Structures are given as structure tokens and as C-alpha cells.
Amino acid sequence: MQIWVDADACPRVIREILFRAATRTAIPVTLIANQMIAVPPSPYIRSVQVPKGFDVADDEIALRVSPGDLVITADIPLASQVIERGGLVLDPRGERLTKENIRERLSMRDFMQGLRDSGVETGGPSGFSSADSRAFGAALDRLLAQRPRQT
């Protein structure tokens, strides 16, 4: 397993949780972003900068992910691509995206985009809270505990 992070919009507190998990579990964590993101010195953590542009980081993650890898993203289309390729997806608020719920999330995203495109003010997601970071940490721990062990 490898962990890929859609890092452009990933909250710092979530990155820090991932850094601790990488050190604790020896699972590689790679941040992919349009800008270089500083990471602590570790053989398990790295940052990859991709060119600026719409969906460039998402496309890079989709290209690199393998079955069984975990991707951290709030981007629903990217999550759908990862799931199709056999990857696991966890959003920064701790919600697991799966084959069972991704179609609904895509439909809701498209519906909300249609409203915004027609001029309706839909607001945005609520602010990121400490409860969100705790939910993420707990969900990450559950996923990592379920992974197959190397022998």
C-alpha cells in the first residue's frame, strides 16, 4: 500500500496526521500538488510538484495509483477514478468513498454545479474543524489496521 495525497487543498493538520502515520507504519506517503509542499525528513514521505493547471495533480494521482493504494482527496471525480482502478479513498473529513456511495456523490456534485452554473448561490462546505481532523485520524487508523501485512 502507498498513500497518495491530493495536497493542493489538503488541510495542514491532515498532512501532519499522515506524516505521523507514515513514520509509525512505514507506509510511503506522497503529496502531489501544483506547488512544492514542505515535508519532514523521512524515507517514507515525499512531495511531488506538478505543473500548474486544471486537474494536473488529480491526473498525476490517477496515473500513479495502484490497486490497494489509498488516496486522500475531497475531489469527487478523482475519487471515482481511483475507485475504478481498485484504490481506496478517504476524504479529509474522514469519510470513506466507495463503489457503493461514489455514484451518489458524483450526482450530487453535478447537481450542485448545475445550480451554481445557473446563478444559484449554494454556499460551500462548512469550515474544517478539530472534529473533522479527529474523524479523519480515526478513519485512517481503521483503514491502516485492515491492510494486509507483509510477511
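Now for a quick tour of the structure.

The rules behind each value
- Residues numbered from 1 in each chain as written.
- Predicted model: local features only at pLDDT ≥ 70, side-chain atom pairs only at ≥ 80, totals over all residues.
- Heavy atoms only, no water.
- Pairing = 2+ DSSP bridges.
- Helix = DSSP H or I, 4+ residues; strand = E, 2+ residues; numbered from the N terminus.
- Contact = heavy atoms within 4.5 Å.
- Axes fitted to C-alpha atoms, helices over the stretch in contact; angles between N-to-C directions.
- Parallel < 35°, antiparallel > 145°, perpendicular 65-115°, else oblique.
- Left-handed = near helix turned anticlockwise from the far one by under 90°.
- Nonpolar A, V, L, I, M, F, W, Y, C, P; charged D, E, K, R; others polar.
- Buried < 20%, exposed > 50% of the residue type's maximum accessible area, 1.4 Å probe, protein only.
- Right-handed = clockwise from strand over helix to strand, strands pointing away.
- Polar contact = N/O pair within 3.5 Å; in protein donor to acceptor, adjacent residues only side chain to side chain.
- Core = buried A, V, L, I, M, F, W, Y, C linked by side-chain atoms within 4.5 Å.

### Concerning the sheet that holds strand β4 (residues 70-72)
Part 1 of the reasoning: Read from one edge to the other, the open sheet built from six strands follows the order β3-β2-β1-β4-β5-β6, with strand pairing classed as mixed. Edge strands, defined here as strands with exactly one partner in the open sheet, are β3 (45-49) and β6 (96-97).
Part 2 of the reasoning: Across four bridges, the pairing between strand β1 (residues 3-6) and strand β2 (residues 29-33) is parallel. Bridged to D6 within β2 is I32.
Part 3 of the reasoning: Its contacts with the sheet put helix α3 (residues 76-84) on β1, β4, β5 (88-90) and β6, and the angle it makes with β5 is roughly 155 degrees.

### Regarding the packing of helix α1 (residues 12-25) against helix α5 (residues 130-146)
Part 1 of the reasoning: The geometry of α1 relative to α5 is characterised by a closest axis approach of 10 Å and an angle of 25 degrees between their N-to-C directions. When the axis of α1 is compared with that of α5, the two are roughly parallel. Note that α1 runs across α5; the crossing there is right-handed. Where α1 abuts α5, its residues V13, I14, I17, L18, A21, R24 and T25 lie against S133, F136, G137, L140, D141 and L144.
Part 2 of the reasoning: Per-class residue counts for the contact of α1 with α5 are eight nonpolar, three polar and two charged.

### Considering the pairing of β1
Part 1 of the reasoning: Every second residue of β1 is oriented toward a common face, with I3 and V5 on one face and W4 and D6 on the other, all of them buried.
Part 2 of the reasoning: Considered for its hand, the β-α-β crossover made up of β1, α1 and β2 is right-handed.

### Some details on α3
Part 1 of the reasoning: Among all positions of α3, only I76, L78, A79, S80, V82 and I83 are buried.
Part 2 of the reasoning: With a side-chain oxygen positioned 2.7 Å from the backbone nitrogen of L78, the residue opening α3 is D75.
Part 3 of the reasoning: Looking one or two residues beyond α3, the residue adopting positive phi is G86, at roughly 90 degrees.

### Some points on the nonpolar core
Part 1 of the reasoning: In this structure, I3, V5, L18, I72, L90, F136 and L140 are the most contacted members of the largest nonpolar core, which totals 24 residues.
Part 2 of the reasoning: Contributions of two or more residues to this core are made by β1, α1, β2, β4 and α5.
Part 3 of the reasoning: At six residues, the largest contribution of residues to this core is made by α1.
Part 4 of the reasoning: Judged by nonpolar contacts, the second largest core, of 18 residues, contains I61, A62, V65 and V71.

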